Structures are given as C-alpha cells and as structure tokens.
Amino acid sequence: QVQLVESGGAMVQPGGSLRLSCAASRSIFSTNVMAWYRQAPGKQRELVADITTGGNTHYAEFVKGRFTISRDNAKNSMDLQMNSLKPEDTAVYYCNTNPPRINFWGQGTQVTVSS
C-alpha cells in the first residue's frame, strides 16, 4: 500500500514563506512524475507544480516565480518551497503522481495565508 504523507503546512502572513514536504512509503519517486496539488474551500483540486524523474519542472501560472518544486529520488521525498505567499494560496496541499492516482491521495497539509 503506497502512502504519501504531506507535512509542513502552517498559518503564515502574506509575503511569508513555507516549505512543504512529501514522503512516500515506498519507492515510487524514481519512476513517476511527481506533483503538488491544492484544493481551496469550495474549489476543485488543481495542479500547482510537477517535476519529472530527471528534474524538469512545470508550474501553474499562479505560482510561477514564487514556488519551487524539488525531489530527492534516493530519499523518496519531494519538497515545495513557497515564497511570497498570498491569501489566495490558502488551501490544503497534496502530493501525488501526475497524472494523479486515486489510491495515492493522502490527508494533505493545510496552508493558511492570513494577516
């Protein structure tokens, strides 16, 4: 049973930074495009950023220049560095493969940007 565990969420003021981490229970990172998604209250889940096994990255327009995705295949882990956070970044953040697999969704980690 693959488990993806997200951590690092918190409440932060606008303009602040957070670093999210994703850990897998087994070695899925080495063979999959990995991604961060988010879901804000009342909205659909959306792709934030993804990263290939070779390290090529893609970002949604709304986070370009502010967020950085990275991965460590040897440690089965992935991070999302989030800078210049805005209130509209408030959401539950999830990691999964891209495309996502239903049985890989974890509990997510809550990010709240508020003054």
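For the structure, check the block above.
Residues numbered from 1 in each chain as written. Predicted model: local features only at pLDDT ≥ 70, side-chain atom pairs only at ≥ 80, totals over all residues. Heavy atoms only, no water.

Asker: I'd like a rundown of the overall build of the chain, residues and numbers included.
Answerer: Within the chain one finds 0 helices and 10 strands. Relative to its length of 115 residues, the chain is compact, with a C-alpha radius of gyration of 13 Å against a globular reference of 13 Å. In terms of principal-axis extent, the alpha carbons of the chain reach across some 40 × 25 × 20 Å. By residue count, 44% of the 115 residues in the chain fall in the buried class. Here the contacts in the chain between residues at least 6 apart in sequence split such that 54% fall between residues at least 24 apart. (Helix = DSSP H or I, 4+ residues; strand = E, 2+ residues; numbered from the N terminus. Rg over C-alpha atoms; globule rule 2.2 N^0.38 Å. Buried < 20%, exposed > 50% of the residue type's maximum accessible area, 1.4 Å probe, protein only. Contact = heavy atoms within 4.5 Å.)

Asker: Residue-level account of unusual backbone geometry, with values.
Answerer: The amide bond that connects Asn-98 to the next residue, Pro-99, takes the cis arrangement and shows omega of 5°. Mapped onto the elements, Pro-99 comes out in the loop between β9 (91-97) and β10 (109-113). Phi is positive for Ser-84, which is not a glycine, with a value near 50°. Residue Ser-84 is classed as partly exposed on the basis of its relative accessible area of 41%.

Just geometry here; none of it tells us what the structure is for.
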